[in-house]
Amino acid sequence: MEWRKVALTVLIVSLCFFVIPIRVRRDSLEEDVKLFKNYVTRYNKSYRDDPTEYETRFGRFQRSLQHIEKMNGLRSSQESAYYGLTEFSDMSEDEFLAKALLPDLPARGRKHVNLPYHRRHQHTNRAKRSASVPLRFDWRDKGVVTPVRSQGSCGACWAFSTVEVAESMFAIKNGTLHPLSVQEMIDCAKNSNFGCDGGDICSLLSWLLATKVQIFQESTYPLVGKTGTCKLGKTTDKTSGVRIKDFTCDSFVDAEDELLIALATHGPVAAAVNALSWQNYLGGIIQYHCDGSFDSLNHAVQIVGYDKSAAIPHYIVKNSWGSNFGDKGYMYIGIGSNLCGIANQVSSLDTL
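All residue numbers refer to position in the chain's written sequence, counted from 1. Local features in this predicted model are restricted to residues of pLDDT 70 or higher, and side-chain atom pairs are both shown and tallied only at a pLDDT of 80 or more, whereas totals for entire chains, interfaces and linings draw on every residue. Side-chain metrics rest on all non-hydrogen atoms present in the structure, leaving aside hydrogens and water.

What about the overall build of the protein chain?
To qualify as a helix, a DSSP run of H or I must reach at least 4 residues; to qualify as a strand, a run of E must reach at least 2; elements of each kind are numbered from the N terminus. Along the protein chain, the regular secondary structure elements total ten helices and twelve strands. Relative accessibility under 20% of the residue-type maximum defines a buried residue, over 50% an exposed one, and the middle range a partly exposed one, all with a 1.4 Å probe and only protein chains included. Relative to its full complement of 352 residues, the protein chain shows a buried share of 55%. In the form shown here, the protein chain has an accessible surface area of approximately 15,700 Å², with 51% of it arising from carbon and sulfur atoms. Areas reported as accessible are Shrake-Rupley estimates using a 1.4 Å probe. Residue values count occlusion only from the protein chains shown.

Right under this line is the structure:
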């Protein structure tokens, strides 16, 4: 079956489709050219009328096609992660890291390791404790997870993931789910957080707890996707928001069963991850080729559940790259091997 022709046909006729799973053959420049032309149109790329950048992007696009072919060739089952064209497929790996991720996250993360709110979990009565939680748990089923957002070109995944956990924890406690303001965190959070230029979950939670700043509803402080002047005390005086009561920044390396227990018995969590290999991800469960070292952390997400009953046990991860990325905005990461560094730095919180 000629997968490249199938991909090209889907690009042309399926106007409601935003990501295309493909296996490509490296034998047709003409097909690459057609595929790229339709890709540029599909994602409304700004360089479509700039011949120099167009050519550069085409070269990067071809490298993505090679990477997609390689990754799909390594799949071990129908449940395994699969790859294809995404909005990031015209970027080099270095550009993807610089524009979509946070290269300085490991240095940020190390600042929290020896502080009181950081704990390193170990296996303690693991079999007994693990038996007490269900094989599958998804907080979306409880109606306490807000829709997927898109951070766009703003490097504030640290704010998105933290605010989303606060939304869920407030809903679990009070029975009401409200979208809270990520933009407030982008504009106002201090403690070495710099809006769209970067920050980290633990620093944000530490700042929120120390200052007792409320996270207001998104309708009061709407998302604009770029760093602005803090509006606290101007538009929020007559409204009430959510305050952080307590939080942790934990390591679950070699103790992921404890993370599953925390997810099932407490609530969703925010986690630092290595998302470098996600550039062309479309769906399925990541179980290989995703470095888990602390030094490779570069992104932040919300973990909303897990499924140990699946053929490949996995975490259910809510991303902040919009609902057209991955599986309607979600990722699935295999449990047990600290894949993508998912267990290195995990934050839970409670709200007042």
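Moving on from the model shown.
Looking at helix α10 (residues 256–265)
Among the ten residues in α10, eight count as buried, and that is most of the element. Of the positions making up α10, those classed as buried are E256, D257, E258, L259, L260, I261, L263 and A264. Trailing α10 by a residue or two, G267 shows a phi angle of about 160°, which is positive.

So, the state of the cysteines
The disulfide criterion is simple: two cysteine sulfur atoms within 2.5 Å. Applying the stated rule across the entire model yields four disulfides. Disulfide pairing places C154 opposite C196 at an S-S distance of 1.9 Å. Note on the C154 and C196 pair: the S-S dihedral is about -90°, so by sign convention the disulfide is left-handed. One end of the pair, C154, is in the loop between β4 (136–138) and α7 (157–174); the other, C196, is in the loop between α8 (182–188) and α9 (201–211), with 42 residues separating them in the sequence. Like C196, C154 is buried. Disulfide pairing is shown between C290 and C340; the S-S distance is 2.0 Å. Where C290 bonds to C340 through sulfur, the torsion about that S-S bond is close to 115°, and the disulfide is right-handed. Here C290 is found in the loop between β8 (285–286) and β9 (299–307), whereas its partner C340 is found in the loop between β11 (330–334) and β12 (346–351), with 50 residues between them in sequence. No difference in accessibility class separates C290 from C340, as the two residues are buried. Looking at the protein chain, its bonded cysteines, counted consecutively from the start of the sequence, adopt the pairing 1-3, 2-5, 4-6, 7-8.

Topic: the packing of aromatic side chains
Describing an aromatic ring pair means giving the distance of the ring centres and the angle of the ring planes. By convention, a stacked pair of Phe, Tyr or Trp rings (six-membered ring in the case of Trp) has centres within 6.5 Å and planes under 30 degrees apart, an edge-to-face pair has planes over 60 apart, and any other such pair is tilted. Applying the stated criterion across every chain, the model contains 17 aromatic pairs. Plain terms: the ring middles of Y39 and Y43 are 4.9 Å apart, the flat faces sit at 50° to each other, and that makes the pair tilted. Feature note: the residues F36, Y39, Y43, Y47, Y54, F58 and F61 constitute an aromatic cluster, connected by ring pairs. Taking the ring centre of Y330 as reference, the NZ or CZ of R140 above it sits at 4.3 Å. In our convention, an over-ring charge means Lys NZ or Arg CZ found within 6 Å of a ring centre and within 35 degrees of that ring's normal.

Considerations on the nonpolar core
Ranked by size, the top nonpolar core spans 61 residues in total, and within it W278, Y281 and I286 carry the most contacts. When near neighbours in sequence (up to four residues on either side) are disregarded, I286 contacts A81, Y83, W278, Y281, M331, Y332, I333, G334, L339 and C340. Within the second largest apolar cluster, 39 residues are counted, among which are I201, Y221, C249 and A272. Here, nonpolar core means buried Ala, Val, Leu, Ile, Met, Phe, Trp, Tyr and Cys residues that are tied together by side-chain atoms lying within 4.5 Å of each other. For this analysis, residues touch if any pair of their heavy atoms sits within 4.5 Å.

Some thoughts on the pairing of strand β10 (residues 314–318)
With respect to burial, β10 is a largely interior element, five of its five residues being buried. In this description, strands pair whenever DSSP reports at least two bridges between them. Counted between consecutive antiparallel strands, the loop separating β9 from β10 contains six residues. As paired elements, β10 and β11 share five bridges and run antiparallel to each other. Residue V317 lies in a different strand from β11, and its bridge partner there is M331.

So, the environment of S203
The topology assignment puts S203 in helix α9. Residue S203 is classed as buried on the basis of its relative accessible area, which comes to 5%. It is 8.9 Å that separates the C-alpha atoms of S203 and G109, two residues lying 94 residues apart in sequence. Filtering out sequence-adjacent residues up to four positions away, S203 remains in contact with H112, N191 and N193.

Structural notes on the confidence of the model for the protein chain
Known as pLDDT, the predictor's confidence for each residue is given on a scale from 0 to 100. When pLDDT is averaged along the protein chain, the result is 90; 88% of the residues meet or exceed 70. Low confidence marks residues 8–18, where pLDDT is under 50. Its contacts with residues over four positions away, or in another chain, come to 19 contacts.

Structural notes on the pairing of β9
Burial of β9 is extensive: nine of the nine residues sit out of reach of the surface. In this structure, β4 lies alongside β9, joined through three bridges in antiparallel fashion. Counted as the bridge partner of F137 is Y306 from β9. As defined by bridge partners, strand β6 (residues 269–273) adjoins β9 across five bridges and the pair is classed as antiparallel.

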